[in-house]
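Residue-level listing of the chains:
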Amino acid sequence: MENVSSIKKSFFSWLTMLILFAFGQHFYFQNYLFSSILFLLTGSSYIPYKLLTRQLNTVEDILFDYRKNKQALLVKEKELQTLFDNNHAYLWTIDLNQQTFIASSGFESIFGYGRDMFLKNYELWLERTYPEDYPIALNHYLQLKKGHSSNQTWRFIHKNGSIRWIDAWGKPIFNSSNEVTQLTGVAYDITDRKKLEKQLKYQADHDFLTGLANRKYLYSSLNKKINFPDTPFALFFIDIDRFKFINDSFGHTAGDQILIDVADRIQTVLSSNDLAARVGGDEFILVVNHLTTDELTETIQTISDLFNDPFDLEKESRYVTASIGISLFPYHDTSIESLIRQADHAMYQAKKTGVSLGVIAQYQTVEMKDRDHIIEKDIQYAIKEKQFHLYFQPIVNLKTNEISGLEALIRWEHPDFGIISPQSFIPQAEKQGLIYSIGMWVLEESFCLFSPHSFNDLHLSVNISPIQLTNEKFLVDLDDLLNKYDIIPSKIIFEITEGFMENPNEAKKILAAIREKGIQIAIDDFGTGYSSLSVLSNIPFDILKMDLLFVKNMIRNQATQQLVKSIMQLAHTQNAKVIAEGIESSEQADFLLDINCLYGQGYLYGKPLPLKYWKEKLHL
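A brief report on the enclosed structure follows. These numbers come from a predicted model, not from an experiment.

Here's the deal with the overall build of the protein
Secondary structure summary: the protein contains 24 helices and 22 strands in total. Looking at the protein as a whole, 45% of its 620 residues are labelled buried. Residue pairs at least 24 apart in sequence account for 62% of intrachain contacts in the protein once pairs closer than 6 positions are excluded. Carbon and sulfur atoms form 53% of the exposed surface of the protein, whose accessible area is close to 33500 Å².

Digging into the packing of helix 8 (residues 191–205) against helix 22 (residues 558–573)
At a minimum axis distance of 11 Å, the contact between helix 8 and helix 22 shows a crossing angle of 120°. The way helix 8 lies across helix 22 gives a crossing that is left-handed. Between helix 8 and helix 22, the contacting residues are Leu196, Gln199, Leu200 and Gln203 on the first element and Thr560, Leu563, Ser566 and Ile567 on the second.

Some remarks on the environment of leucine 609
If you trace the backbone, leucine 609 turns up in strand 22 (residues 609–610). Here the alpha-carbon distance between leucine 609 and tyrosine 391, two residues 218 residues apart in the chain, equals 4.8 Å. When sequence neighbours within four positions are dropped, the list of residues in contact with leucine 609 reads Tyr391, Phe392 and Trp614.

A closer look at helix 9 (residues 215–225)
For helix 9, the set of buried residues is Leu218, Tyr219, Ser221 and Leu222. All buried residues of helix 9 lie within an arc of 165° about the axis, which places them on one face of the element. Capping the start of helix 9, asparagine 214 holds a side-chain oxygen 3.3 Å from the backbone nitrogen of lysine 216, two or three residues further along.

Some thoughts on empty space enclosed by the protein
Following the criterion strictly, the structure yields two cavities of 30 Å³ or more and no others. The calculated volume of the largest cavity comes to roughly 110 Å³. In terms of lining, the largest cavity is formed by 13 residues, of which the most central are Tyr90, Trp92, Trp125, His140 and Trp154. Elements with a minimum of two residues in the lining of the largest cavity: strand 1 (89–95), helix 7 (134–145) and strand 4 (163–174). When the residues that make up the lining of the largest cavity are grouped by side-chain class, the tally is twelve nonpolar, one polar and no charged.

Some remarks on the layout of surface pockets
Approximately 450 Å³ is the volume found for the second largest pocket. What lines the second largest pocket is a set of 16 residues, and nearest its centre among them are His252, Asp256, Lys552, Arg556 and Glu584. Secondary-structure elements contributing two or more residues to the lining of the second largest pocket are helix 10 (243–250), helix 11 (252–269), helix 21 (548–553) and helix 23 (586–594). Looking at the lining of the second largest pocket, the element that brings in the most residues is helix 11, giving three residues. Residue classes in the lining of the second largest pocket are distributed as four nonpolar, six polar and six charged.

Some points on the nonpolar core
Ranked by size, the top nonpolar core spans 79 residues in total, and within it Leu443, Phe447, Phe474, Phe494, Leu544 and Leu592 carry the most contacts. Ranked by the residues each element gives to this core, the list is headed by helix 16 (residues 435–449), at eight residues. Those residues in contact with leucine 544 that sit more than four places away from it in its chain are Ile523, Phe526, Leu536, Ile567, Leu570, Ala571, Lys577, Val578 and Ile579. Listed in part, the 32 residues of the second largest apolar core include Phe250, Leu296, Ile303 and Phe307.

Re the sheet that holds strand 2 (residues 100–103)
Spatial strand order, 2-1-5-4-3: five strands in an open sheet with antiparallel pairing. Each edge of the open sheet carries a strand with a single partner, namely strand 2 and strand 3 (150–157). Going from strand to strand, the sheet's axes swing by 25° on average, the running direction of each strand aside. Looking at chain direction, strand 3 and strand 4 are connected through eight bridges and run antiparallel. Across the sheet, the residue bridging to arginine 155 is tryptophan 165, located in strand 4. Helix 7 rests against strand 1, strand 3, strand 4 and strand 5 (180–189) of the sheet, and its axis sits at about 140° to strand 3.

A word on the pattern of salt bridges
In the structure shown here, the tally under the stated rule is 15 salt bridges. Across the salt bridge formed by arginine 193 and glutamate 197, the nearest N and O atoms sit 3.8 Å from each other. Here glutamate 197 and arginine 193 lie together in helix 8, a separation of four residues that amounts to about one turn. Residue arginine 193 is classed as partly exposed on the basis of its relative accessible area, which comes to 25%. Of the charged contacts in the structure, one is a salt bridge between lysine 201 and aspartate 205, with a shortest N-O distance of 2.4 Å.

How each quantity is defined
- Residues numbered from 1 in each chain as written.
- Predicted model: local features only at pLDDT ≥ 70, side-chain atom pairs only at ≥ 80, totals over all residues.
- Heavy atoms only, no water.
- Helix = DSSP H or I, 4+ residues; strand = E, 2+ residues; numbered from the N terminus.
- Buried < 20%, exposed > 50% of the residue type's maximum accessible area, 1.4 Å probe, protein only.
- Contact = heavy atoms within 4.5 Å.
- Areas by Shrake-Rupley, 256 points an atom, 1.4 Å probe, with all protein chains shown as cover.
- Axes fitted to C-alpha atoms, helices over the stretch in contact; angles between N-to-C directions.
- Left-handed = near helix turned anticlockwise from the far one by under 90°.
- Arc of directions from axis to C-beta.
- Polar contact = N/O pair within 3.5 Å; in protein donor to acceptor, adjacent residues only side chain to side chain.
- 1 Å grid on protein atoms, 1.4 Å probe; cavity = no way out; pocket = protein on both sides within 12 Å on 5 of 7 lines; lining within 4 Å.
- Points joined across faces, edges and corners; volume = space filled by probe spheres on them.
- Nonpolar A, V, L, I, M, F, W, Y, C, P; charged D, E, K, R; others polar.
- Core = buried A, V, L, I, M, F, W, Y, C linked by side-chain atoms within 4.5 Å.
- Pairing = 2+ DSSP bridges.
- Salt bridge = Lys/Arg side-chain N within 4 Å of Asp/Glu carboxyl O.

Here is the structure:
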């Protein structure tokens, strides 16, 4: 009986504890009176109670973790739902066995069709592809069905008939037999991005004011033409006479209108195969194809006649004249620079003599060719003879007007021709394979002059050519220079042109290696080169340098203002800062500050000068 009684007592004790475990874990172990009752009811020792307390604490921890994880899951669920309902993106799944297409709600706003239509025809999305891009979309689909991941961009036709762009990512799903049974992925509406890219490309190739081709596009077109020496053309260099007088007398708005009117008149007499470009303030270059002697004479007369009618200046009309110089390809030369220089010299001869019909380059040919040959020969010895020098232009904090850094710029002080700009000798250096040695000289000379102890918190910007970056010795040589001159890498900025990104995979690898050393990367002249925003988003960089053409035209051109703001927004999304180039007025600086561009450079703050000048100015 005692054993039975003991068993009952023990059973009653543990039963009570289990009941309390289930219903009272939040309060009984905290109450002394409750503890006493527990002891009287169960007759158990205090040891099981301590064990129970530990168990209850463990349960509390589990419940706490559960509630915490549940909350995190709810947050994730909301995030996924937000993505699922995004109007600019949609998630999609194709079941190849069931022949079904399922997409999130964003699909409807992107395509303009209800999802139920695509449930009935799981390949209808493919049928809505823009005809010219159908092979791209089909290849994307076939790659996925073959078991390969794929990413493609193409155009599609919205329900309202508009043409839009999509960026589609997909991945196959396999069954246990390693067969593709489903396709899944995400797609984005990138129409706005494509519009911005198109605007940037147009701005990169055209003059903001007149809409004519700019210098960059002109050179690109001429490069293509000179590869076909059997196809002759004439190059017209046009300069408006007394244009400074027009600006000073009637204002810059009137001057701009004259330039626009001249551009409009020029385009009325050129064929679709000819090219007109604005290359300077009041300078135009025309490239006219396939001219016989008679055609050339007739074209010269036609272009001269463009200035026979008066131009409207505010409330009055005024006659404007122009001086014209002409060079002929391949008769005069096959070099772009030489053809332009000869036409330029011929134009000044026309201006000097007052010839209204233009002057064809003649006597300048021998002189200019001799100069080119001398430069070609002498550049090989320029480093050894210490004819290269570095000038520095300040980069300024636009809020404080304090100098935050200096950009190193090379100049060639030739003993016969004086200062020669890089635009004149770099092409020759490239032909002779001297770019790497000249570029490394610039880098070493910059490091030597820019000791870390002399310039406090200033940054040094150095232009690095694609030829340097792709040289297999570059990273090793860079390490040697950093160690030799005890340079702090974080104070160095390498300025890279957009053209380097034409091979994005190689660019990404090289730039990442440079950034790992602590050196910052700036994309120079942004908007004038390889303006693919999708490529740029995958390239590691720290700074965008806004090209001076944007800055020059943004005050009077609303389209340019929008582009400038878009560049700022792009930089913000990439966590990069912007440096505006070519600032010449306080009005430009104020506008840039208003859109939160905090850094800039230009003649308003200082032109390129020897380092000695800046040391004195900064009291270093």
